[in-house]
Amino acid sequence: MWPSSSPPEASPIAAGLVGLLFRPRCFLCDGPVVGLAPLCGACLADLPRWGGAVCAVCGVGTAEGVDLCRACAVEGRPYTWARSLGPYEGGLRVLVQALKYEGERALARPLGRLLARLISGQSSSAISAVRCVTCVPPDPARLRARGYHAAELIARETARALGLPFRSLLVKVRASPPQVGRPREERGRAMRDLFRARRLGHGEGVLLVDDVITTGATVAEAVRALLIAGFGDVGVLACAQALSGWEG
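The sections below set out a description of the structure shown in this document. Please read all numbers here as calculations on a predicted model, not as lab measurements.

Here's the deal with the layout of surface pockets
By rolling a water-sized probe across the atoms, one finds the places where empty space is left. Looking at the second largest pocket, its volume works out to about 410 Å³. Along the wall of the second largest pocket there are 16 residues; nearest its centre are Leu-36, Ala-37, Pro-38, Leu-39 and Pro-110. Per-element accounting of the lining of the second largest pocket gives the leading share, 5 residues, to helix α5 (residues 108-120). When grouped by side-chain class, the residues that make up the lining of the second largest pocket number 11 nonpolar, no polar and 5 charged.

What to know about the environment of Val-34
Looking at where Val-34 falls in the secondary structure, it is placed in the loop between α1 (12-21) and α2 (41-45). Each C-alpha atom of the pair Val-34 and Pro-24 lies 8.4 Å from the other, and the pair is 10 residues apart in sequence.

Some thoughts on the nonpolar core
Ranked by internal contacts, the top residues of the largest apolar core, which has 38 residues, are Leu-99, Leu-111, Leu-115, Ile-154, Val-209 and Leu-237. Broken down by secondary-structure element, the contributors of at least two residues to this core are β1 (81-87), α4 (90-101), α5, β2 (130-135), α8 (150-162), β5 (205-213) and β6 (234-241). When residues no more than four places from it in sequence are discounted, the contact partners of Leu-237 are Trp-81, Arg-83, Leu-115, Leu-118, Ile-119, Thr-158, Leu-207, Leu-208, Val-209 and Asp-210. Residues Cys-58, Ala-71, Met-191 and Phe-231 belong to the second largest nonpolar core, which totals 31 residues.

About the thresholds
- Residues numbered from 1 in each chain as written.
- Predicted model: local features only at pLDDT ≥ 70, side-chain atom pairs only at ≥ 80, totals over all residues.
- Heavy atoms only, no water.
- 1 Å grid on protein atoms, 1.4 Å probe; cavity = no way out; pocket = protein on both sides within 12 Å on 5 of 7 lines; lining within 4 Å.
- Points joined across faces, edges and corners; volume = space filled by probe spheres on them.
- Helix = DSSP H or I, 4+ residues; strand = E, 2+ residues; numbered from the N terminus.
- Nonpolar A, V, L, I, M, F, W, Y, C, P; charged D, E, K, R; others polar.
- Core = buried A, V, L, I, M, F, W, Y, C linked by side-chain atoms within 4.5 Å.
- Buried < 20%, exposed > 50% of the residue type's maximum accessible area, 1.4 Å probe, protein only.
- Contact = heavy atoms within 4.5 Å.

Encoded structure:
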């Protein structure tokens, strides 16, 4: 990394030597990569994915021939649909945690592009009404401490790949405690009115992006805030879903 001051100009020969000495390596396997990509093609292909059928509503993996997961069969969701790359494990977990907690911002690019590719492979109706991309907003204290918001970085990359504008539509009005392991009723109370829309909508569809769906309570409350503000159908994209979050 260059120091804070501007780097000195280098001749093409010198620049080539730097490239030979400091070739980018894959974040996961430390193998060679193409250009400045943070991940190699093999590691991208090996990321955990839902292998077959997925729930038509929340997108979590289901048994073949089953349209809805157990949670969605008994409980309504405020969003129109949700999709994720795969379960929150293996390489996906490593990448998300490195982006969120270790400052590896470059990982937002492949993750955002994978999400764009995922939704592009769905039916055209899934994104035909979408007019902009937004993200689940950060906790202000965490944003100040980290200096960036992982979900926003991913959302901006997704929007860029889809050719849609990114809009910061939501604010978080207070801090929220961790939700994993808490009773369903308690999670609902903690999440209620947690987000507020920055402006009113006029029925336009929105794509809401988050890094991980754990219990599902956070994205659900963010979607409700958008609906209350007058936005139309909301689709949800996340890099991964924690299976246990949808079973309790």
